[in-house]
Amino acid sequence: MAVTEPLLRIVQLVKRFGGLVATDHLSLDVRPGELHALIGPNGAGKTTVMSQIAGELRQDAGQIIFAGQEISAMSTVRRVRLGLARSFQVTQLLEDYTALDNVALAVQVRLGHSFRFWANARRDRSLREAAWRYLEQVGLDHRADVRVADLSHGEHKQLELAIALATEPKLLLMDEPMAGLGATESRQMTELLGRLKGRITMLLVEHDMEAVFALADRISVLVYGRCIATGSPAEIRANAEVRAAYLTEDEA
Amino acid sequence: MTTNRRPLMALGLTFAVLLVLPFVATALDSTATISLVTRMMIYAIAASSLNLILGYGGMVSFGHAAYYGLGGYTVGILYAHFVSGDPLFGIIPGTNQFLITLPAALLVSGLFALALGALSLRTSGVQFIMITLAFAQMVFFLFVSLEMYGGDDGLIIRRPNELLGLRLRDELTFYFLTLGFLAAYVGLCGRIVNSRFGMVIGGIRQNERRMAAIGVSTYRYKLVAFVIAGMGAGLAGALMANHARFVSPDMLHWTKSGELMIMVILGGMGTLLGPILGAISLIGLESVLSGWTENWQFYLGPILVLIVLFARGGLYSLIPGLRGNGRD
């Protein structure tokens with residue numbers, strides 16, 4: 001088997017909050033093109049890992065290497081420019097702007113600096129048309145001109161994804177895209193991620209096991225900040241340690 | 001694309017009224033009105049500049065009087081050196097030419113906004129409010145202690161600056177000059193808030209974390225907005241120095257920052273027309289109430305509270321057809 005250089009490599013990552021070790025010497029690889037899921041019981045430290053990869057939290061020890069470059073000390077902004085996008089668990093949107101504005105702004109930022117003071121950005125067709133295509137990809141184009149505050153929760157989740165896509169990422173960090181979605185919406189989101197799979201490398205944190213096992217190429221299981229297993233969905237399903245971790249949670 | 005034209009129409013109507021008003025006032029032989037409205041318009045420029053960072057950018061700067069006062073003092077100090085003949089710092093000759101004093105005022109207030117912003121924008125929330133307030137008060141006390149420029153008493157400017165042979169002492173001339181500057185500054189703000197830069201500034205107000213997540217170094221954008229706003233206040237200060245022919249530390253006092261903030265909130269934050277309405281109303285109320293009773297501030301307070309309580313988007317939201325049109 002050919003050894004491909006991983007797109008993202010996490011080496012011995014440690015994060016402590018006081019006495020609590022939230023990330024405990026975690027090592028993890030994400031290969032180019034794969035959809036890698038990160039699962040684990042509540043409080044396993046999944047979001048903490050995502051925040052460290054995105055640069056919002058600084059690790060206490062360890063390294064993060066992205067596309068062959070060490071990014072451990074870089075700001076969020078520089079990581080985004082290298083092609084690392086994140087969608088948030090609790091959606092972070094610009095509520096007074098329309099859905100299209102939100103995406104157009106991400107396109108605008110990707111295209112260069114925004115020290116342009118005169119021309120009306122909302123009439124800039126290059127931005128609006130590009131933004132429109134990302135909304136189309138997530139199936140939100142019919143709601144383009146609706147203010148974010150007036151969109152539903154499910155639509156917010158779709159918009160999060162469209163904004164992340166508009167940054168044209170090499171790696172997409174998805175933090176619980178299905179959280180709070182109804183059954184139909186979850187299925188639509190799963191289909192959507194299925195369509196994106198292969199085109200964009202993704203690291204997915206998700207509680208919806210049906211979605212995870214349907215989508216993931218590989219799964220890593222996190223318990224108390226440590227990775228107890230990594231493998232294909234079939235391997236993970238068969239892993240005794242994983243079953244134990246989940247069973248104890250179910251009984252609790 | 002369907003854009004709502006109503007906010008623009010309301011703005012146009014306001015300027016039309018301001019354009020016609022001096023002729024009506026002259027016909028009624030009421031020159032005091034012209035002077036009063038000039039003052040309103042100067043404050044409207046200062047409030048509009050604050051609105052750019054407070055209303056559109058969400059930065060609660062409590063030191064805006066500093067730029068306003070520095071703009072005024074630049075005109076005053078250059079005039080003092082022009083009269084005395086000694087150059088400022090031994091090298092900069094004084095002048096009474098508005099085409100020099102105005103750019104100088106913009107430069108001084110802009111540079112000060114750059115320095116103050118560079119330091120204070122590293123903080124946020126209450127710290128940001130307090131640090132902008134503290135820096136502005138430092139400037140206030142500096143000018144109180146500068147005996148050379150009148151200290152507490154301020155500086156009298158015997159004659160307004162000269163500008164292209166216009167008689168700036170003439171109330172009507174100065175009125176139209178101020179109206180021109182107000183129109184230009186509000187027009188500039190209108191372009192800025194809808195530009196790429198403005199979209200970023202508005203985004204930062206709504207969710208700074210989101211902006212960082214799409215790759216925006218928010219600090220730089222906030223700093224540039226801060227400088228543009230500071231220069232706007234400097235413009236207002238330079239105009240006021242010429243209009244009142246007097247500058248004093250009062251222009252720099254924190255209560256002046258508070259007044260500007262009240263104008264923005266009273267009129268309607270994040271709208272182009274709001275700060276103009278706010279400035280007109282506050283100065284108007286002050287003028288009416290103070291003519292009626294010595295304790296006018298006692299009555300002004302509750303009126304402001306009522307307006308802010310019952311019109312959450314400020315006076316702007318009370319105009320028929322503009323309700324819910326905040327943040328145009």
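Residues numbered from 1 in each chain as written. Chains lettered and ligands numbered in written order. Predicted model: local features only at pLDDT ≥ 70, side-chain atom pairs only at ≥ 80, totals over all residues. Heavy atoms only, no water.

> Got a minute to help me understand the overall build of chain A in this structure?
A tally of regular secondary structure across chain A gives 9 helices and 10 strands. C-alpha atoms of chain A, sized along the principal axes, occupy 60 × 45 × 40 Å. Nonlocal contacts in chain A, meaning residues at least 24 apart in sequence, comprise 66% of its contacts between residues at least 6 apart. Roughly 11200 Å² of accessible area belongs to chain A as shown, and the carbon and sulfur atoms make up 51% of that amount. Here chain A contributes 29 positive and 32 negative side-chain charges, whose respective centroids are spaced 6 Å apart. (Helix = DSSP H or I, 4+ residues; strand = E, 2+ residues; numbered from the N terminus. Contact = heavy atoms within 4.5 Å. Areas by Shrake-Rupley, 256 points an atom, 1.4 Å probe, with all protein chains shown as cover. Lys, Arg positive; Asp, Glu negative; His and termini not counted. Charge placed at Lys NZ, Arg CZ, Asp CG, Glu CD.)

> What should I look at first to understand the overall build of chain B in this one?
Along its length, chain B carries 12 helices and 2 strands. The secondary structure elements of chain B, listed N-terminal to C-terminal, are α-α-α-α-α-β-α-α-α-α-β-α-α-α. The C-alpha radius of gyration of chain B comes to 20 Å, within 12% of the 20 Å expected for a compact globule of 328 residues. Structurally, chain B occupies a C-alpha span of about 55 × 50 × 40 Å along its principal axes. Sorting the 328 residues of chain B into buried and exposed places 54% on the buried side. If you sum the accessible surface of chain B, you get close to 14400 Å²; carbon and sulfur atoms cover 66% of it. Averaging the coordinates of the 20 positive side-chain charges in chain B and doing the same for the 14 negative ones gives two points 18 Å apart. (Rg over C-alpha atoms; globule rule 2.2 N^0.38 Å. Buried < 20%, exposed > 50% of the residue type's maximum accessible area, 1.4 Å probe, protein only.)

> Mind showing me how you'd approach a nonpolar patch on the surface here?
All names here are of chain B. Among the surface-exposed residues, L19, V20, V24 and L28 lie close enough to one another that they form a single nonpolar patch of about 380 Å² accessible area. Note that L19 resides in helix α1 (residues 6–27). Judged by relative accessible area, L19 falls into the partly exposed class, the value being 46%. (Patch = residues over 30% accessible without salt bridge, like charges linked within 9 Å, V, L, I, M, F, W, Y side chains within 5 Å. Salt bridge = Lys/Arg side-chain N within 4 Å of Asp/Glu carboxyl O.)

> Is there a simple way to explain the sheet that holds strand β2 (residues 20–30) of chain A in this structure?
Sheet strands pair via backbone hydrogen bonds, and the direction of the pair is either parallel or antiparallel. Residues and elements named next belong to chain A. Sheet architecture is open: 4 strands sit in the order β2-β1-β4-β5, paired in antiparallel fashion. Two strands lie at the open edges of the sheet, namely β2 and β5 (69–70), each paired on one side alone. As paired strands, strand β4 (residues 61–66) and β5 are joined by 2 bridges and run antiparallel to one another. Bridged to I65 within β5 is E70. Packed onto the sheet, helix α1 (residues 46–54) meets β1 (8–17), β2 and β4 and runs at close to 115 degrees relative to β1. (Pairing = 2+ DSSP bridges. Axes fitted to C-alpha atoms, helices over the stretch in contact; angles between N-to-C directions.)

> Just to check I follow, could you spell out the sheet that holds strand β7 (residues 171–175) of chain A for this structure?
Residue and element names in this part refer to chain A. In space, the 6 strands of this open sheet follow the order β6-β7-β8-β3-β9-β10, with mixed pairing throughout. Bordering the open sheet on either side are β6 (84–87) and β10 (226–231), each of which pairs with just one other strand. Along the sheet, successive strands turn relative to each other by an average axial angle of 15 degrees, direction set aside. With 5 bridges connecting them, strand β9 (residues 218–223) and β10 associate as antiparallel partners. Bridge pairing in β10 links V221 to A229. Sitting on the sheet, helix α5 (residues 153–166) touches β6 and β7, and the angle it makes with β7 is about 160 degrees.

> I tried to follow the domain arrangement of chain A on my own but got confused; where do I start?
Interfaces are often sized by the accessible area lost when the parts come together. Residue and element names in this part refer to chain A. As assigned here, chain A comprises domain 1 (1–83 + 170–252) and domain 2 (94–168). Relative to domain 2, the C-alpha centre of domain 1 lies at a distance of 26 Å. Contact residues are listed per partner, giving 17 residues for domain 1 and 11 residues for domain 2. Looking at the side of domain 1 facing domain 2, the largest losses of area belong to L172, M189 and L192, adding up to 33% of the total buried there. Between domain 1 and domain 2 we count 0 salt bridges in total. Here domain 1 is connected to domain 2 by 2 residue pairs in polar contact (both at pLDDT 80 or more). Every element with two or more residues in the side of domain 1 that touches domain 2 is listed here: β7 and α6 (183–196). Take the side of domain 1 that touches domain 2: its biggest share by element is 6 residues, from α6. Looking at the side of domain 1 that touches domain 2 residue by residue, the class counts come to 10 nonpolar, 1 polar and 6 charged. (Domains from an automatic or database assignment. Buried area = accessible area lost by both parts, 1.4 Å probe. Polar contact = N/O pair within 3.5 Å; in protein donor to acceptor, adjacent residues only side chain to side chain. Nonpolar A, V, L, I, M, F, W, Y, C, P; charged D, E, K, R; others polar.)

> Can you walk me through α1 of chain B in this structure?
Residues three or four positions apart in an α-helix share a direction because the helix packs 3.6 residues into each turn. Residues and elements named next belong to chain B. An ideal rise of 1.5 Å per residue puts 32 Å on 22 residues; α1 measures up with 31 Å between its terminal C-alpha atoms. The sharpest bend along α1 comes to roughly 35 degrees, located at V20, with the proline P22 sitting one to four residues further on. Buried residues of α1: P7, A10, L11, T14, F15, L18, P22 and A25, and no others. A positive phi of about 60 degrees marks D29, the residue just after α1. (Expected span 1.5 Å × (residues − 1). Bend = angle between axes of the 7 residues up to and from the residue.)

> Whenever I open this one, the environment of A80 of chain B confuses me. Can you help?
Residue and element names in this part refer to chain B. Within the fold, A80 resides in helix α3 (residues 64–84). Among the residues examined, A80 registers a relative accessible area of 22% and is labelled partly exposed. Sequence-wise, A80 and N96 are 16 residues apart; in three dimensions their C-alpha atoms are separated by 9.0 Å.

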